[in-house]
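# Analysis of the macromolecular model
So you can see what is in the structure, the chains are spelled out below.
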Amino acid sequence: MTESEIPRRPRRMPLRTPRVAEALAAQLRLRILEGDLADGAELPTEPVLLQEYPVSRPSLREAFRILETEGLVVVRRGKRGGTVIKAPAPESAAYHMGLLLHARATPMRDLAAARNLLEPLCAEHAAGRDDHEAVAVRLRQLNEEAAQVVEDGPAFTGASVRFHEGLVDAAGNETLRVVVGMLESVWSVQERGWARRASDEASYPPVDRRHAVLRAHGAIEKAIGAGDAALAGKLMRAHLEASQLYVASDDAPPVQVLDEYGNPRMDGRD
């Protein structure tokens, strides 16, 4: 065998040692997620952290920037500066999910279809809880709050959104609550924006349609109170299919979580 025929081994890529800042960010990240560093508390000052972690000041500040990019800390600069811990929250997760859907120009009907699949599961789980009667009482209160503002379209939409958010929160299964909660948050922004536009254009559904929503909510609440999971899911599917036609109409724009200036709409603004 000639030298040219000797098989060559694939070139090995050099092993990469994580940079000091990344290693420090990893340690702080784990402490935040495991609750060792409490949400809302301030991280110790730079001199204290530099004593605990033998790194350079630039590495420490780069670690802060990494965590700030991930949304796990908020760095306040200036004389009254400091680094505040911000544990992951459903709102921030929903915002990033919304950004992805916005970037993909996801049709509103697509978002509505996903909601139709998942939210009835929350109703079924709520009806299957041991405390399903207490869940129903809370949902009844939310529906009564919606009834008090039935004459005001946008306010009624906001109250109806809170009913759906309360139902998702009552699902019991933590993973389902988080996943569907993110979906519901993105949908809520679209629905509130639609309500404002429809009100401005005098095209918001009439009061009799709003009372139909209240009756649907009431029927769902009663099914949950009775512990009838199958009926609760069935009623929720029918309600969503009927009510989403307005927001997810044929001429509805794709999912949008940023306004025309690039500002977040996830705070409920149109």
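Residues numbered from 1 in each chain as written. Predicted model: local features only at pLDDT ≥ 70, side-chain atom pairs only at ≥ 80, totals over all residues. Heavy atoms only, no water.

Per an unreviewed UniProt entry, the protein carries the name FCD domain-containing protein and comes from Nonomuraea bangladeshensis.

### Focus: the overall build of the protein
Spelled out, the test is: To qualify as a helix, a DSSP run of H or I must reach at least 4 residues; to qualify as a strand, a run of E must reach at least 2; elements of each kind are numbered from the N terminus. Here the radius of gyration uses the C-alpha set of atoms, whereas the globule reference equals 2.2 Å times the residue count to the power 0.38. Note on classification: 1.4 Å probe, protein chains only; a residue is buried when its accessible area is under 20% of the maximum for its type, exposed when over 50%, partly exposed between these limits. Working rule for contacts: check all heavy atoms of both residues, and any pair within 4.5 Å makes them a contact. Every accessible area reported is derived by Shrake-Rupley at a probe size of 1.4 Å, with residue values counting cover from the shown protein chains alone. Just so you know, the count uses Lys and Arg for positive and Asp and Glu for negative, and it drops His and the chain ends. The atom standing in for a charge is NZ when the residue is Lys, CZ when it is Arg, CG when it is Asp and CD when it is Glu.
Scanning the protein from N- to C-terminus turns up 10 helices and 2 strands. Sequence-ordered secondary structure for the protein, helices as α and strands as β, is α-α-α-β-β-α-α-α-α-α-α-α. Relative to the compact-globule value of 18 Å for 270 residues, the protein shows a C-alpha radius of gyration of 25 Å, a clear excess of over 25%. Taking the principal axes of its C-alpha atoms as reference, the protein extends roughly 80 × 65 × 45 Å. Within the protein, the proportion of its 270 residues that are buried is 38%. For the protein, the share of sequence-separated contacts (at least 6 apart) that also reach a separation of at least 24 residues comes to 72%. Surface summary for the protein: the accessible area is close to 15,900 Å², and the carbon and sulfur share equals 54%. Across the protein, 35 positive and 40 negative side-chain charges occur, with their mean positions spaced 6 Å apart.

### Considerations on the confidence of the model for the protein
Where the model shows low pLDDT, its predicted coordinates should not be examined in detail. The line we're drawing: As a per-residue measure, pLDDT tells how confident the predictor is, with possible values from 0 to 100.
Residues at a pLDDT of 70 or more form 91% of the protein, whose mean pLDDT is 90. Element-level mean pLDDT values for the protein span from 87 in strand β1 (residues 73-76) up to 98 in helix α6 (residues 132-148).

### Looking at the packing of helix α5 (residues 108-127) against helix α8 (residues 174-200)
Our working rule: For every element, the axis is a line fit to its C-alpha atoms; helices are fit only across the contacting stretch, and the angle between N-to-C directions ranges from 0 to 180 degrees. Geometric relationships in this document are graded by angle, where less than 35 degrees denotes roughly parallel, more than 145 denotes roughly antiparallel, 65 to 115 denotes roughly perpendicular, and other angles denote oblique. Each crossing is labelled by how the near helix is turned from the far one, with a counterclockwise turn of less than a right angle marking it left-handed and a clockwise turn marking it right-handed.
Running from N to C, α5 and α8 point in directions that differ by 135°, and their axes come no closer than 10 Å. Between α5 and α8, the angle is such that the two are oblique. As for how α5 packs across α8, the hand of that crossing is left-handed. Here Met108, Leu111, Ala112, Ala114, Arg115, Leu118, Glu119, Leu121, Cys122 and His125 of α5 come into contact with α8, specifically with Leu176, Val180, Leu183, Glu184, Val186, Trp187 and Gln190.

### A closer look at helix α9 (residues 207-225)
Stated precisely, the cut-off is as follows: In a helix, the anticipated span is given by 1.5 Å times the number of residues less one.
Spanning 19 residues, α9 covers 27 Å between terminal C-alpha atoms, matching the ideal 27 Å at 1.5 Å per step. Along α9, the residues classified as buried are Arg210, Ala212, Val213, Leu214, His217, Gly218, Ile220, Glu221, Ala223, Ile224 and Gly225. For α9, the secondary structure elements touched by its buried residues are α5, α6, α7 (153-169) and α10 (229-247).

### So, the pattern of salt bridges
Selection rule: Should a side-chain nitrogen of Lys or Arg be within 4 Å of a carboxyl oxygen of Asp or Glu, the pair is scored as a salt bridge.
One pass over the full model with this rule turns up 16 salt bridges. For arginine 29, the salt bridge goes to glutamate 70, with nearest N and O atoms at 2.9 Å. One end of the pair, arginine 29, is in helix α1 (residues 20-33); the other, glutamate 70, is in the loop between α3 (57-69) and β1, and 41 residues separate them in sequence. Ionic pairing is found between glutamate 221 and arginine 140, a salt bridge with its closest N-O pair at 3.0 Å. Linking glutamate 221 in helix α9 with arginine 140 in helix α6, this pair joins segments that are 81 residues apart in sequence. The buried category is assigned to glutamate 221, whose relative accessible area is 6%. Classification of arginine 140 as partly exposed rests on a relative accessible area of 36%. Taken together, the salt bridges that share partners define one network made up of Arg19, Glu22 and Glu62.

### Quick look at the packing of aromatic side chains
Operational definition: Two aromatic rings from Phe, Tyr or Trp, using only the six-membered ring of Trp, form a pair when their centres are within 6.5 Å; if the ring planes differ by under 30 degrees the pair is stacked, by over 60 it is edge-to-face, and anything between is tilted.
With the rule as written, the count across this model stands at 2 aromatic pairs. Relative to tyrosine 246, the ring of tryptophan 194 lies with its centre 6.1 Å away and its plane at 35°, an arrangement referred to as tilted. Taken together, the residues span a long stretch of sequence, with tryptophan 194 in helix α8 and tyrosine 246 in helix α10 at a distance of 52 residues. On the basis of relative accessibility, which here comes to 15%, the residue tryptophan 194 falls in the buried class. Under the relative-accessibility criterion, tyrosine 246 is labelled partly exposed at 34%. Counting every residue linked through ring pairs, the aromatic cluster contains Trp194, Tyr204 and Tyr246.

### Some points on the nonpolar core
Quick reminder of the rule: Definition used in this section: a nonpolar core is a set of buried Ala, Val, Leu, Ile, Met, Phe, Trp, Tyr and Cys residues joined via side-chain atoms within 4.5 Å.
Formed by 22 residues in total, the largest nonpolar core has its most connected members in Met108, Leu111, Phe156 and Trp187. Elements supplying a minimum of two residues to this core: α5, α7, α8 and α9. Among the elements that line this core, the one with the most residues is α8, at 6 residues. Judged by nonpolar contacts, the second largest core, of 20 residues, contains Cys122, Ala127, Leu142 and Ala171.

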